[in-house]
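Structural description and commentary
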Amino acid sequence: VPKWMADQYGIETVFDMREHWRLCKDPESPSKGVFYNGPIGSGADRINAAKLQAYGLTAYYNVVSPPSAAALEAALARHQNRQAPVFGFCWSPNAVMGAYEWKILKEPEYSDECWEALLEAIEQDPIKPIDRACAYKTMPVEKVISRKLLKKAPDVVEMFKKMKVDQTALNDIFAWMTKYNVRDWKKPALYYLREYEAQWTKWVDSAVAGKVKTALDRAPGAAEHRLRKQVQPR
């Protein structure tokens, strides 16, 4: 849900949404709220439907699965732009997650046992009712390098070991690319290096960091970046 909505109504968990369904009334069926589900056929649409049933939310919400990821993102963005309450599903990294402030609602903690029961339920048609569900598992990011690199550039290998780009940065980058219709992947790379210096300078020694900063000052867009920093409110 939008962060302002969570703050204003004290919403912390998925179970809190039972008493706040009226904030998200379905215009097609105002006796219930509307939950914007994962896109049709994504797999998440059936998982979320099972989860909402287990959380006791289907009595309060109609579950709407948009036809595509773009349609889901447009629905979430539309409500945020109007400062209107909305309750739905999304994933990260994602441009919509970076463009607006969200509150990710707490769910029961993930467990393999719970997840297996969820997967078993969605294999049934209709979905088998279950009495408990849990959060999605946070998936790790795997870094893969060539064996040759171990000998050819051990310093680069050490940098990759330290490298970690957090989801906040990735969400911000995707939002920036969407806003300015950026298609050249060199530009978001430069954007990251300029905007998230505190992150990447931990991956390299000071001498290398100095060289990167010098290169950034000479790279395309350096003047615009400096100007933007100057005019930003403090």
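These notes cover the structure that comes with them. Keep in mind that this is a model prediction, so the values were computed, not measured.

For the protein chain, the count of helices and strands is 12 helices and three strands. Expressed as a percentage of contacts within the protein chain between residues at least 6 apart in sequence, the contacts between residues at least 24 apart total 63%. Here the protein chain displays about 15100 Å² of accessible surface, and carbon together with sulfur accounts for 54% of that area. A gap of 8 Å separates the mean positions of the 35 positive and 29 negative side-chain charges of the protein chain.

With that settled, consider helix α11 (residues 206–218). The end-to-end C-alpha distance of α11 is 19 Å, a good match for the 18 Å that 13 residues give at a rise of 1.5 Å each. Capping the start of α11 is the job of one residue whose side-chain oxygen sits 3.2 Å from the backbone nitrogen of A207: D205.

Each neighbour pair has its own omega, and for S92 with P93 the value is 10°, a cis peptide bond. As for its placement among the helices and strands, P93 is situated in the loop between α3 (69–81) and α4 (95–99). Cis geometry marks the peptide bond from D125 to P126; its omega dihedral reads 5°. Checked against the element boundaries, P126 lands in the loop between α5 (112–122) and α6 (147–152). One non-glycine residue, Q83, adopts positive backbone phi at about 55°. When you line up the elements, Q83 lands in the loop between α3 and α4. Located in the positive-phi region is N181, a residue other than glycine, with phi close to 50°.

All chains considered together, the criterion is met by zero disulfides. Cysteine C24 remains unbridged, with the sulfur of C90 as its closest cysteine sulfur at 16 Å.

Reading across from one edge, β1-β2-β3 is the order of the three strands in this open sheet, with mixed pairing throughout. Looking at strand neighbours, the two that pair on one side only are β1 (25–26) and β3 (61–64), the edges of this open sheet. With four bridges connecting them, strand β2 (residues 29–36) and β3 associate as parallel partners. The residue of β3 that forms the bridge with V34 is N62.

Moving on: the packing of helix α8 (residues 167–179) against helix α9 (residues 186–195). Relative orientation of the contacting elements α8 and α9 amounts to 135°, with a least axis distance of 10 Å. When the axes of α8 and α9 are compared, the pair comes out oblique. Pair α8 / α9 crosses with right-handed handedness. Packed against α8, whose contacting residues are A169, D172, I173, W176 and M177, the element α9 presents K187, P188, Y191 and Y192 at the interface. Considering only residue class, the contact of α8 with α9 consists of seven nonpolar, no polar and two charged.

As a further point, take the nonpolar core. Judged by nonpolar contacts, the single largest core of 37 residues is most densely connected at V1, M17, L57, Y61, F87 and L105. Secondary-structure elements contributing two or more residues to this core are α1 (3–9), β2, α2 (44–54), α3, α4 and α5. Setting aside anything within four residues of it in sequence, one finds Y61 in contact with M17, H20, W21, C24, K32, G33, V34, F35 and F87. The next biggest cluster of nonpolar side chains, apart from the first, holds 12 residues, and it includes M177, Y191, W200 and L216.

Reading the values: the criteria
Residues numbered from 1 in each chain as written. Predicted model: local features only at pLDDT ≥ 70, side-chain atom pairs only at ≥ 80, totals over all residues. Heavy atoms only, no water. Helix = DSSP H or I, 4+ residues; strand = E, 2+ residues; numbered from the N terminus. Contact = heavy atoms within 4.5 Å. Areas by Shrake-Rupley, 256 points an atom, 1.4 Å probe, with all protein chains shown as cover. Lys, Arg positive; Asp, Glu negative; His and termini not counted. Charge placed at Lys NZ, Arg CZ, Asp CG, Glu CD. Expected span 1.5 Å × (residues − 1). Polar contact = N/O pair within 3.5 Å; in protein donor to acceptor, adjacent residues only side chain to side chain. Disulfide = S-S within 2.5 Å. Pairing = 2+ DSSP bridges. Axes fitted to C-alpha atoms, helices over the stretch in contact; angles between N-to-C directions. Parallel < 35°, antiparallel > 145°, perpendicular 65-115°, else oblique. Left-handed = near helix turned anticlockwise from the far one by under 90°. Nonpolar A, V, L, I, M, F, W, Y, C, P; charged D, E, K, R; others polar. Core = buried A, V, L, I, M, F, W, Y, C linked by side-chain atoms within 4.5 Å. Buried < 20%, exposed > 50% of the residue type's maximum accessible area, 1.4 Å probe, protein only.

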